[in-house]
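These are the residues of each chain, in order.
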Amino acid sequence: MTDHPRRVTRALLSVSDKSGLIEFARALAGYGIDLVSTGGTAKAIAAAGLKVTDVSELTGFPEMMDGRVKTLHPKVHGGLLAIRDNAEHDQAMKSHGIAPIDLLVVNLYPFEATVEKGAGFEECIENIDIGGPAMIRGAAKNHDDVAVVVEPQDYQAVIEELAANKGATTLRLRRRLAAKAYARTAAYDAAISNWFAAQLEADAPDYRAFGGRLIQALRYGENPHQTAAFYRMPDKRPGVATARQVQGRELSYNNINDTDAAYECIAEFDAGRTAACVIVKHANPCGVAENADLVEAYRRALACDSTSAYGGIVALNRTLDADAARAITEIFTEVIIAPDATEEAIAIVAARRNLRLLLAGGLPDPRAMGLTAKTVAGGLLVQSRDNAVVDDMTLKVATKRAPTDAELRDLKFAFRVAKHVKSNTIVYAKDLATVGIGAGQMSRVDSARIAARKAQDAADELKLAAPMTRGSVVASDAFFPFADGLLVAIEAGATAVIQPGGSVRDDEVIKAADDHGIAMVFTGVRHFRH
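Keep in mind it's a predicted model, so treat the numbers as computed, not measured.

## Quick notes on the sheet that holds strand E23 (residues 519–522)
Alright, step 1. Read across the sheet, six strands follow the order E18-E23-E22-E21-E19-E20 without closing on themselves; strand pairing throughout is mixed. The open sheet has two edge strands with one neighbour each: strand E18 (396–397) and strand E20 (434–438).
Alright, step 2. Judged from the four bridges that link them, strand E19 (residues 426–429) and strand E21 (residues 473–476) form a sheet pairing that is antiparallel. Bridge assignment links isoleucine 426 to a residue of E21, and that residue is serine 476.
Alright, step 3. Packing of helix H16 (residues 405–418) onto the sheet brings it into contact with E19, E20, E21, strand E22 (496–499) and E23, and relative to E21 it is tilted by some 35 degrees.

Here is the structure:
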């Protein structure tokens, strides 16, 4: 690819985000580039003492219809789309008085920000840009001759190109900017279409698109031979994508995935009600606990499976304090994520240079609507977020014995956790702490056995006389298809069970519970997680 330099003689600037605008316009003017602009952008440039031509002078038409029509004109689009080396195009420009536009600087109406602030329908509609995307796409198509800039972050690159090439841009830069321009308009249209689908309550629109802004290019993906990058979506749900990284090494693909799993799980625990801690390894909770303070919640979560917790992710639902920070940093931990942290806690974590500390500023709402997506070969699976919360469910006692108040409290706790464990899921809990977790098994009975085995291992490590599953409760993310999984839990010492119910063999499972004096409640809601 040759440099194919194109001198910039005229630039059209029309931006909603005016950061860096005046400095950039001044730099362009320094190369003798004529500035054409619209509305508020033109006023800002003129106020800075720079000569600027209003687009209405260029087109011969005033801005009209509340600014809806201002750049949709042949003198704008002809100036952008004309192929400079094409004699027919050149003749058309001369015949119709169309001047070339060699640089387009447009960032779009702030539709995403308007939606994010909760604006009404009509305000959102008015913030859908029409002329901007049309100009961007035209300039990007004609990138052989025209450079297009869609965000202030690229101003400096253009200035450096002009300086290095005597007021011209290179084809290499113009192609890079064109690719970015199309991606930006695609992401913009995706945000609009998804918003429209939500307004219409359309669960399965004919077309579905997603778009995001690069947060960071990652060193690699799940494995070193895979490439990866992290993108921010328009949905500003508090979490790893919105968090401020206070310290530590760059996050990896697996760090991000695991941290998201941990923070979504911790959001199930209302910080106004209790302190809570979730420890995650390979996207599965390996220990979860509630307590009056964070440090004790962490210690009880750690006690569930201290082996798996090594090198894990710790999520907290309250401000990280010094006591919790000291306890967490006693073992190797990859990431700590919390809504905030005290200065003392930050200083304590700083002693572990590689430990990433993320402050998310808040907790995601577990009840909030939203979409999740997963790719499959040749397709995209899209579903609504699992926003079912056990506190909102009507629990049905299925057995002769109802759970005690203490058992019911632990059953709800266990079901909160089970929602965030890979299926098939079995969670044993006691006194608002997990004591055994079985995740991701092909057979539910295997999950029950593995969780019990882990509880025995934890008891051996803590030198307890018996595993903590004795006198515990158990949660299953889906119904027991047979009584065998329940019987394993009973053998492990569980006294009460929470599960969705709905099996054709529910009667068999209920009878097994009644035969052993076990209380069992049905939620009517399943929490598969694949």
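We are not done yet, so read on.
## Describing the environment of leucine 72
Alright, step 1. Its location among the elements puts leucine 72 in the loop between helix H3 (55–59) and helix H4 (74–81).
Alright, step 2. Counting along the chain gives 59 residues from leucine 72 to glycine 131, while the straight-line C-alpha distance between them is 6.0 Å.
Alright, step 3. Contacts of leucine 72, omitting those with residues within four sequence positions, involve His77, Ile130, Gly131 and Ala134.

## Notes on helix H18 (residues 484–492)
Alright, step 1. Three or more residues of H18 are buried, namely Gly485, Leu486, Val488, Ala489, Ile490 and Ala492.
Alright, step 2. In the core, the buried residues of H18 are packed alongside E19, helix H17 (444–462), E21, E22 and helix H19 (506–515).
Alright, step 3. Of the residues one or two after H18, glycine 493 is the one with positive phi, at around 115 degrees.

## A closer look at the packing of helix H9 (residues 155–164) against helix H10 (residues 171–199)
Alright, step 1. Interhelical geometry of H9 versus H10 gives an angle of 165 degrees and a closest axis separation of 11 Å. The pairing of H9 with H10 is recorded here as roughly antiparallel in orientation. As H9 packs across H10, the resulting crossing turns out to be left-handed. Only Leu173, Arg176 and Leu177 of H10 make contact with H9, whose side of the interface consists of Ala157, Val158 and Glu161.

## Quick word on the pattern of salt bridges
Alright, step 1. Within the structure shown, the criterion is met by 29 salt bridges.
Alright, step 2. Of the charged contacts in the structure, one is a salt bridge between arginine 6 and aspartate 85, with a shortest N-O distance of 2.9 Å. Within this pair, whereas arginine 6 is found in strand E1 (residues 6–7), its partner aspartate 85 is found in the loop between H4 and helix H5 (87–95), the two being separated by 79 residues in sequence.
Alright, step 3. A residue is classified by how much of its surface remains accessible, and aspartate 85, at 61% relative accessible area, is exposed.
Alright, step 4. A salt bridge links arginine 219 to glutamate 250, with the nearest nitrogen and oxygen atoms 4.0 Å apart. Residue arginine 219 is found in the loop between strand E8 (213–218) and strand E9 (228–232), and its partner glutamate 250 is found in the loop between strand E10 (244–247) and helix H11 (253–266); the two are separated by 31 residues along the sequence.
Alright, step 5. Connected via shared salt-bridge partners are Glu151, Asp154, Arg176, Lys180 and Arg213.

## Some details on the packing of aromatic side chains
Alright, step 1. Scanning all chains against the criterion turns up eight aromatic pairs.
Alright, step 2. Residues tryptophan 195 and phenylalanine 196 carry aromatic rings whose centres are separated by 5.1 Å and whose planes lie at 65 degrees to one another, so their mutual orientation is edge-to-face.
Alright, step 3. For phenylalanine 196, a relative accessible area of 31% puts it in the partly exposed group.

## Comments concerning the environment of alanine 451
Alright, step 1. Note on placement: alanine 451 falls in helix H17.
Alright, step 2. Under the relative-accessibility criterion, alanine 451 is labelled buried at 0%.
Alright, step 3. Along the sequence, alanine 451 and isoleucine 45 sit 406 residues apart, while their C-alpha atoms lie 66 Å from each other.
Alright, step 4. Apart from residues lying up to four places away in sequence, alanine 451 is in contact with Ile426, Tyr428, Gly436, Ile437 and Gly438.

## Points about helix H8 (residues 131–141)
Alright, step 1. Of all 11 residues in H8, eight are buried, a share of seventy percent or more.
Alright, step 2. Among all positions of H8, only Gly131, Gly132, Pro133, Met135, Ile136, Gly138, Ala139 and Ala140 are buried.

## Some words on a nonpolar patch on the surface
Alright, step 1. On the surface, a cluster of nonpolar side chains totalling about 370 Å² of accessible area is made up of Phe210, Met233, Leu371, Leu380 and Val382.
Alright, step 2. Relative to the assigned elements, valine 382 resides in strand E17 (residues 379–384).
Alright, step 3. Judged by its relative accessible area of 30%, valine 382 falls in the partly exposed class.

## Here's the deal with the sheet that holds strand E3 (residues 34–37)
Alright, step 1. Strand order in this open sheet of five strands is E4-E3-E2-E5-E6, and the pairing throughout is parallel. The open sheet has two edge strands with one neighbour each: strand E4 (53–54) and strand E6 (147–149).
Alright, step 2. When E3 meets E4, the two strands line up parallel, connected through two bridges. Within the sheet, the bridge partner assigned to valine 36 lies in E4 and is threonine 53.
Alright, step 3. Sitting on the sheet, H8 touches strand E2 (10–15), strand E5 (103–107) and E6, and the angle it makes with E5 is about 145 degrees.

## Brief notes about the side chain of glutamate 161
Alright, step 1. Relative to the helices and strands, glutamate 161 is located in helix H9.
Alright, step 2. Buried and unpaired, glutamate 161 has arginine 174 as its nearest opposite-charge partner, separated by 6.3 Å.
Alright, step 3. Apart from the residues lying within four places of it in its own chain, the contact partners of glutamate 161 are Ala168, Thr169, Thr170 and Leu173.

Conventions and cut-offs
Residues numbered from 1 in each chain as written. Predicted model: local features only at pLDDT ≥ 70, side-chain atom pairs only at ≥ 80, totals over all residues. Heavy atoms only, no water. Pairing = 2+ DSSP bridges. Helix = DSSP H or I, 4+ residues; strand = E, 2+ residues; numbered from the N terminus. Contact = heavy atoms within 4.5 Å. Axes fitted to C-alpha atoms, helices over the stretch in contact; angles between N-to-C directions. Buried < 20%, exposed > 50% of the residue type's maximum accessible area, 1.4 Å probe, protein only. Parallel < 35°, antiparallel > 145°, perpendicular 65-115°, else oblique. Left-handed = near helix turned anticlockwise from the far one by under 90°. Salt bridge = Lys/Arg side-chain N within 4 Å of Asp/Glu carboxyl O. Phe/Tyr/Trp six-rings, centres within 6.5 Å; stacked < 30°, edge-to-face > 60°. Patch = residues over 30% accessible without salt bridge, like charges linked within 9 Å, V, L, I, M, F, W, Y side chains within 5 Å. Areas by Shrake-Rupley, 256 points an atom, 1.4 Å probe, with all protein chains shown as cover. Lys, Arg positive; Asp, Glu negative; His and termini not counted.

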